Amino acid sequence: MNALAALSAGGRQSMRLFKITALFYAMNLAMAAVIVAPLAVAVAGNLSRSLESARLFSNFDVGWLMEFSYQYRGGTAVQFAVLTVVVGLCSLVLNTFLAGGAIALFEREDDAFFSASARYFPRLARLALVSLVFYGFVAALFGVGSRLIGKASESSMEAGPWIMLRWGLIGVAVFLAGVVNMTFDYAKIVLVTGEARGAVRATMRAAAFVASRPARTLAVYWICGAAALGLLAAYHGLSEFATQETMTRVLLVLVFRQAYVLFRVWARLWTWSSEVHAYEAAPLPVAEPEPPIPSYVDVTQGAAADPETLS
Amino acid sequence: MHRWASAILLLSVCLSGQNKPQANYSISARLNPTAKTVTGRETLTWINGSQDPIPDLQFHLYMNAFKNTKSTFMRESGGQLRGDRFQKDSWGYIDIKKLAVAGGADLTRAMEFIAPDDGNAEDRTVIRVPLEKPVPPGGQITLEIDFVTQFPHVFARTGYHGNFFLGGQWFPKIGVWEKAGMRFAKTAGWNCHQFHANSEFYADYGAYAVDLTVPSEYVVGATGIQKNAVKNGDGTTTYRFEQANVHDFAWTAQPTYRRFTRTFDAEREVTAKELTDISRLLGIPHAEARLSNVEMILLLQPEHAGQAERHFRATANAIKWFGLWYGAYPHATITVVDPPNGGGGAGGMEYPTFITAGTSWLQGRNDGDPEGVVVHEFGHQYWQGLVGSNEFEEAWMDEGFNTYSTGKVIDRAYPGWTLPVRLAGIPLSNLMRLPGLTWESVDRAAYLSAPKADDLARRAWEYQTGSSYSLNSYMRPGAMMLTLENTLGEAEMAKAMRAYHQRWRYDHPAFPDFIAAVNESTGKDMNWFFDQFVYSSNVADYAVAGVSCEPVSEDLGVFDGNGGRRTVTAAEARKIDEEREKNHKRQWLTKATIRREGEAVYPVDIEFRFENGETERRQWDGKYRWAKFEFTKATKVASVAVDPEHKLVLDANWTNNSWRAESSYATAGKLTSTVLFWVEQVLATLALLA
Ligand SMILES: [Zn+2]
């Protein structure tokens, strides 16, 4: 199966299983709402009985923002920052949880979503931790490159060449982060198909898969990425007309924006589904078949990552 | 200076008939771009405009601020200023090799360093030179000074970067002799402050003639008019610049500058209608409002050459509006310098007829810069260059007045400008569709970040923190001046500002002089205003504390009248009320309490709007903590607003200034929808890690 066939199969499947997209979207919305709700209540309390609300509706005033934050400075602001960080982490954990169900269903549509989520969560969580090492490596590479460019540009009389060099660095960093992201997508698939259970082993196997089929895997991933960027460009182009002079238009813009978020979430699931198809069409030969996994092991035994301890 | 030039300068001083002190400089200086030094010979003729015999002289040697970490400047700034950092081991200093009275005594050995502000014995930025015989009242003295200036890597405004040089504060400059009663001087004496982190200028006016010798490949710009350029045959060229009626001289040199010139054509730039409007506003004849032509010179970095038009437009807008409001720009040239990448510490500075701006390689269409910085630095030609207030002691009188004036130009010429937001050098303001800003909103927003950090009026180095200095020298006085304008009205304010500017052109006012100019021009006593908002840190905050609106019921009880005694029972009263209700004749009693939550006092208007469209307006002197208002009308109250036009820009909370009967969640909904969208975006991006 070539990249386009995988993408097309992935597209069809992700649309067929659109409820998964809806679920991811709903979770993302709910998490965002937890952060935004106290803010919304505070703003409504601040403005609803003031004529400032009418003035600000048509002309946003940065002075009001300062007034508002001045009233909520100190403890309240710290509480809000803590809430934001906690919700961000929760969202990461929940996404990891749902990822197991999504990939399992893309692999075998008759699987039960939530039980699959629960089944694969511990493995995927460990995998996510392993992936942080690689993302960290890319970030460090970017940091070092950025610092070198910064140092060199300091002594230069021109900014332009260094800015362009920085674009190049960003391009490389984004590409590398994409490769890491893609490799760990395949590692998730490897874990879900059960070809490996240890996070490290799954990563190695996914890396081997990517290395053996670079054109196909990169094409699948970056075509989805380009589609997501295209979606962003379309959103941006259309939002030119999304003015909010009336309450009706505010609601229309809300719907429009939420539609964009929904499709952004879908693009991610389309990527996964396409990657599952790409992987299944030509999996690596299973080198050493691993013993079947007792269903309880994952949840209770961290050592399950090492197959030796199981026998 | 050649002797004949010196004589001409002196003659011009005598002919002008002024008895003001004058400091006339003739300097010949040679740049050594390899050693980053300037070797100079300065002939200073200083005229004692006072009735005091003057026993000694004091000079600024500002380059010594960068001599070591013990200087007052380095101690105050910690080697960091205006977003820039001192480059290790690139010390700057100035050595006086010889200081002598022309044709008289050599005073080199008599020089001593003094530290009048903080007693820092290690500071080398001010010297005192005792004279063998005093300068008599109305007399003059000519000194010959040989000096060598070592430039630091550009840090605080001056220095080098690569082969870029910005010569600011680079020569020995005499202080200001203040006679008793001048500004804040109780007794006569020198006003010659050390160089601090947050202060720049205070000097006497005079005529400058400077011969600057640089390698011939360098492009040069400087204060004043370039009179000639002579190739010396040794690979160097000597440029001569002359300028009268200025209090400083700065120059720049860089081989790769792109030089552009254009004439500000007053006839073309100012329309007949604009001239009529301004003469009407100020009550002056057309001829007095008319502007003169100015030669605009841009020295841009090659990579910013494409932004020449933006620089020209901004300069022309500034020449036009400052000129129309305060009086025509009197000099023949204005040079706008664009420092290179890495030389940003030299950007955003003002010297007479010579300013430095700053821009980026890619600049967004609506980004507030370079226009903001060009207009602001040009504005200093008026508030600092022409009206020479003391920036050490009253920084807000140039930075603050200029923030106010700059804002008026920018908001008029560039409506909808945005803050320049950029990522990896790419301007994002347009892409992100950031809302357009007004200068007023930015001034007020900045002020609200720390509304009572300090009194507005402090000496530049005596604010609690560097950020309090900035706030109280720029944005808060900007908001204060807007409040003053709203209080006086546009025309009165414009007249007062022009009167003040004209009265103090080429002179040294203190803030009481500004107050006097305002009081005289408006015929009002505005001291109460300045006491509140300049000489105190009191915050203003007026609020609608409570509003009630109840139906008026028929009175109950026993009433004696001409027709005898009448008793109204509860049942009767209810019936009467019901009848009125049915006929829409019911009366409503509205009660509103307005409070002064802040400490500052300001008279305010209060506007009451009613459901039937009626409005009522009341005035309150704002003095006591609260005031109550009552209305009985056949309609319910819809809203109450204190200071509805937001005249009091310094009010720390505009949201509590009004009350509305009906809640409105439209704005909260709109903002929430936007914030929700962005949080969703962030979380969805974060989810890529899962
Ligand atoms: Zn300024």
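For clarity, every value in this text was computed on a predicted model and none was experimentally measured.

1. Some points on the overall build of chain A
So, point 1. Helix and strand counts for chain A come out as eleven helices and zero strands.
So, point 2. Order of helices (α) and strands (β) in chain A, N terminus to C terminus: α-α-α-α-α-α-α-α-α-α-α.
So, point 3. Along the first, second and third principal axes, the C-alpha atoms of chain A reach 70 × 55 × 40 Å.
So, point 4. Burial status across chain A gives 44% buried among its 311 residues.
So, point 5. The long-range share in chain A, meaning contacts at least 24 apart out of those at least 6 apart in sequence, stands at 75%.
So, point 6. Total accessible area on chain A stands at roughly 14800 Å², and carbon and sulfur atoms take up 73% of it.

2. Observations concerning the pairing of strand S28 (residues 557-561) of chain B
Residue and element names in this part refer to chain B.
So, point 1. Across five bridges, the pairing between S28 and strand S29 (residues 564-568) is antiparallel. Considered in S29, the bridge of Gly 561 is made with Gly 564.
So, point 2. Between S28 and S29, which follow one another and run antiparallel, lie two residues.

3. Some words on the sheet that holds strand S7 (residues 112-113) of chain B
Residues and elements named next belong to chain B.
So, point 1. Pairing in this open sheet of four strands is antiparallel, and the strands run S7-S8-S3-S12 from one edge to the other. Edge strands, defined here as strands with exactly one partner in the open sheet, are S7 and strand S12 (173-174).
So, point 2. The pairing of strand S3 (residues 54-60) with strand S8 (residues 126-135) spans six bridges and is antiparallel. By the bridge assignment, Ile 54 is partnered in S8 with Val 135.

4. What about unusual backbone geometry?
All names here are of chain B.
So, point 1. Of note, the bond from Asp 369 into Pro 370 is cis; its omega dihedral lies within 30 degrees of zero at 10 degrees.
So, point 2. With respect to the element layout, Pro 370 can be found in the loop between strand S24 (354-356) and helix H7 (371-379).
So, point 3. Here the phi dihedral of Gln 384 falls at roughly 140 degrees; this positive angle occurs in a residue that is not glycine.
So, point 4. Backbone geometry places His 584, a non-glycine residue, at a positive phi of 55 degrees.
So, point 5. As for its placement among the helices and strands, His 584 is situated in the loop between helix H14 (570-582) and strand S30 (588-596).
So, point 6. Judged by relative accessible area, which is 72%, His 584 ranks as exposed.

5. What to know about the interface of chain A and chain B
So, point 1. Contacts between the two partners involve 72 residues from chain A, matched on the other side by 63 residues from chain B.
So, point 2. Around 5800 Å² of area is buried between chain A and chain B when both sides are counted, 62% of it from carbon and sulfur atoms.
So, point 3. Linking chain A with chain B are one salt bridge, by the criterion used here.
So, point 4. The partner of Arg444(B) in a salt bridge is Glu67(A), and the shortest N-O contact between them spans 2.4 Å.
So, point 5. Along the contact surface separating chain A from chain B lie 32 residue pairs in polar contact (both at pLDDT 80 or more).
So, point 6. Elements with a contribution of two residues or more to the side of chain A that touches chain B: helix H2 (18-47), helix H3 (52-58), helix H4 (62-71), helix H5 (75-107), helix H6 (113-154), helix H7 (160-193), helix H9 (214-239) and helix H10 (247-281) of chain A.
So, point 7. Per-element accounting of the side of chain A that touches chain B gives the leading share, 14 residues, to H2(A).
So, point 8. Partitioning the side of chain A that touches chain B into residue classes produces 38 nonpolar, 21 polar and 13 charged.

6. Comments concerning the coordination of the zinc ion
Residues and elements named next belong to chain B.
So, point 1. Listed as protein donors to the zinc ion are His 376 (NE2), His 380 (NE2) and Glu 399 (OE); their distances from the metal cover 2.0 to 2.1 Å.
So, point 2. Going along the chain, you hit the donors of the zinc ion in the pattern H-x3-H-x18-E. Both residues of the pair, His 376 and His 380, belong to the buried class.

7. So, the domain arrangement of chain B
So, point 1. Entries for chain B in the domain assignment read domain 1 (1-252) and domain 2 (542-552 + 587-663).
So, point 2. When each unit is reduced to the centre of its C-alpha atoms, the spacing between domain 1 of chain B and domain 2 of chain B is 58 Å.

8. With respect to the nonpolar core
So, point 1. Formed by 166 residues in total, the largest nonpolar core has its most connected members in Trp46(B), Trp170(B), Trp251(B) and Phe530(B).
So, point 2. With eleven residues, the single largest contributor to this core is helix H6 (residues 308-326) of chain B.
So, point 3. No fewer than three residues from each of domain 1 (1-252) and domain 2 (542-552 + 587-663) of chain B sit in this core.
So, point 4. Every residue in contact with Trp46(B), bar those within four places of it in the chain, is listed here: Gln22(B), Ala23(B), Ile54(B), Leu57(B), Val135(B), Gly139(B), Gln140(B), Ile141(B), Ile174(B), Trp177(B), Trp190(B) and Asp204(B).
So, point 5. Counting residues in each nonpolar core, the second largest holds 64 residues, with Ile103(A), Val192(A), Tyr279(A) and Leu284(A) among its members.

9. Concerning helix H4 (residues 272-282) of chain B
All names here are of chain B.
So, point 1. Restricting attention to buried positions, one finds in H4 the residues Leu 275, Ile 278, Ser 279 and Leu 282. Along the axis of H4, the buried residues cluster in a sector spanning 100 degrees; they form a single face. Facing away from the buried side of H4, by more than 90 degrees, are the exposed residues Lys 273 and Arg 280.
So, point 2. Positive phi shows up at Gly 283, right after H4, with a value of about 65 degrees.

10. Let's talk about the packing of aromatic side chains
All names here are of chain B.
So, point 1. This structure, assessed with the given rule, holds 77 aromatic pairs over all chains.
So, point 2. With a centroid separation of 6.5 Å and 45 degrees between ring planes, the pair formed by Tyr 62 and Phe 392 is classed as tilted. Highlighted residues: Tyr 62 in the loop between S3 and helix H2 (72-77) and Phe 392 in the loop between H7 and helix H8 (399-413), separated in sequence by 330 residues.
So, point 3. Given a relative accessible area of 1%, Phe 392 falls into the buried group.
So, point 4. Over the aromatic face of Trp 321 sits the side chain of Arg 412, whose NZ or CZ is 4.3 Å from the ring centroid.

11. Topic: the packing of helix H10 (residues 466-488) of chain B against helix H12 (residues 511-522) of chain B
All names here are of chain B.
So, point 1. One can describe the packing of H10 onto H12 by two numbers: an axis separation of 13 Å at closest approach and a directional angle of 15 degrees. Of the possible angle classes, the one that applies to H10 and H12 is roughly parallel. The hand of the H10/H12 crossing is right-handed. Mapping the contact onto sequence places Met 480, Met 481, Leu 484 and Leu 488 in H10 and Phe 511, Phe 514, Val 518 and Thr 522 in H12.
So, point 2. Here the residues of the contact of H10 with H12 are counted per class, giving seven nonpolar, one polar and no charged.

12. Concerning the pattern of salt bridges
All names here are of chain A.
So, point 1. Under the counting rule described, the total for this entry stands at 45 salt bridges over all chains.
So, point 2. Of the charged contacts, one joins Glu 107 and Arg 108 as a salt bridge, the two residues approaching to 4.0 Å between their closest N and O atoms.
So, point 3. The structure contains a network of salt bridges with shared partners spanning Glu 107, Arg 108, Asp 110, Asp 111 and Arg 119.

13. Observations regarding the confidence of the model for chain A
So, point 1. Looking at chain A, the pLDDT average stands at 88 and 91% of residues meet or exceed 70.
So, point 2. Low pLDDT, under 50, characterises residues 294-311 of chain A; the stretch is placed with 19 contacts to residues that sit more than four places away or in other chains.

14. Focus: the sheet that holds strand S35 (residues 658-660) of chain B
All names here are of chain B.
So, point 1. Taken in spatial order, the four strands make up an open sheet running S32-S31-S34-S35, and their pairing is antiparallel. Strand pairing shows two members of the sheet lacking a second neighbour, strand S32 (615-620) and S35, which therefore form its edges. Strand-to-strand, the axes of this sheet are offset by a mean angle of 15 degrees, without reference to chain direction.
So, point 2. In this structure, strand S31 (residues 604-610) lies alongside strand S34 (residues 637-642), joined through five bridges in antiparallel fashion.

15. Quick look at the pairing of S34(B)
Residue and element names in this part refer to chain B.
So, point 1. With respect to burial, S34 is a largely interior element, five of its six residues being buried.
So, point 2. Here three bridges tie S34 to S35, and the two strands are oriented antiparallel to one another. In the strand pairing of S35, Ala 641 is matched with Ser 658.

16. Regarding the confidence of the model for chain B
Residues and elements named next belong to chain B.
So, point 1. In the predicted model, chain B carries a mean pLDDT of 92, and the fraction of residues at 70 or more is 97%.
So, point 2. This stretch, residues 1-19, has a pLDDT under 50; its non-local contacts, to residues over four places away or in other chains, come to 26 contacts.
So, point 3. With pTM at 0.90, the complex prediction returns an ipTM value of 0.90.

17. With respect to the side chain of Thr483(B)
So, point 1. On the secondary structure map, Thr483(B) appears in helix H10.
So, point 2. Ignoring anything within four residues of it in the chain, the contact list for Thr483(B) reads Phe529(B), Tyr602(B), Lys647(B), Leu648(B), Val649(B) and Leu650(B).

Conventions adopted
- Residues numbered from 1 in each chain as written.
- Chains lettered and ligands numbered in written order.
- Predicted model: local features only at pLDDT ≥ 70, side-chain atom pairs only at ≥ 80, totals over all residues.
- Heavy atoms only, no water.
- Helix = DSSP H or I, 4+ residues; strand = E, 2+ residues; numbered from the N terminus.
- Buried < 20%, exposed > 50% of the residue type's maximum accessible area, 1.4 Å probe, protein only.
- Contact = heavy atoms within 4.5 Å.
- Areas by Shrake-Rupley, 256 points an atom, 1.4 Å probe, with all protein chains shown as cover.
- Pairing = 2+ DSSP bridges.
- Buried area = accessible area lost by both parts, 1.4 Å probe.
- Salt bridge = Lys/Arg side-chain N within 4 Å of Asp/Glu carboxyl O.
- Polar contact = N/O pair within 3.5 Å; in protein donor to acceptor, adjacent residues only side chain to side chain.
- Nonpolar A, V, L, I, M, F, W, Y, C, P; charged D, E, K, R; others polar.
- Donors = N, O, S within 2.8 Å, 3.2 Å for Na, K, Ca; no water.
- Domains from an automatic or database assignment.
- Core = buried A, V, L, I, M, F, W, Y, C linked by side-chain atoms within 4.5 Å.
- Arc of directions from axis to C-beta.
- Phe/Tyr/Trp six-rings, centres within 6.5 Å; stacked < 30°, edge-to-face > 60°.
- Lys NZ or Arg CZ within 6 Å of the ring centre and 35° of its normal.
- Axes fitted to C-alpha atoms, helices over the stretch in contact; angles between N-to-C directions.
- Parallel < 35°, antiparallel > 145°, perpendicular 65-115°, else oblique.
- Left-handed = near helix turned anticlockwise from the far one by under 90°.
- pLDDT = per-residue confidence, 0-100.

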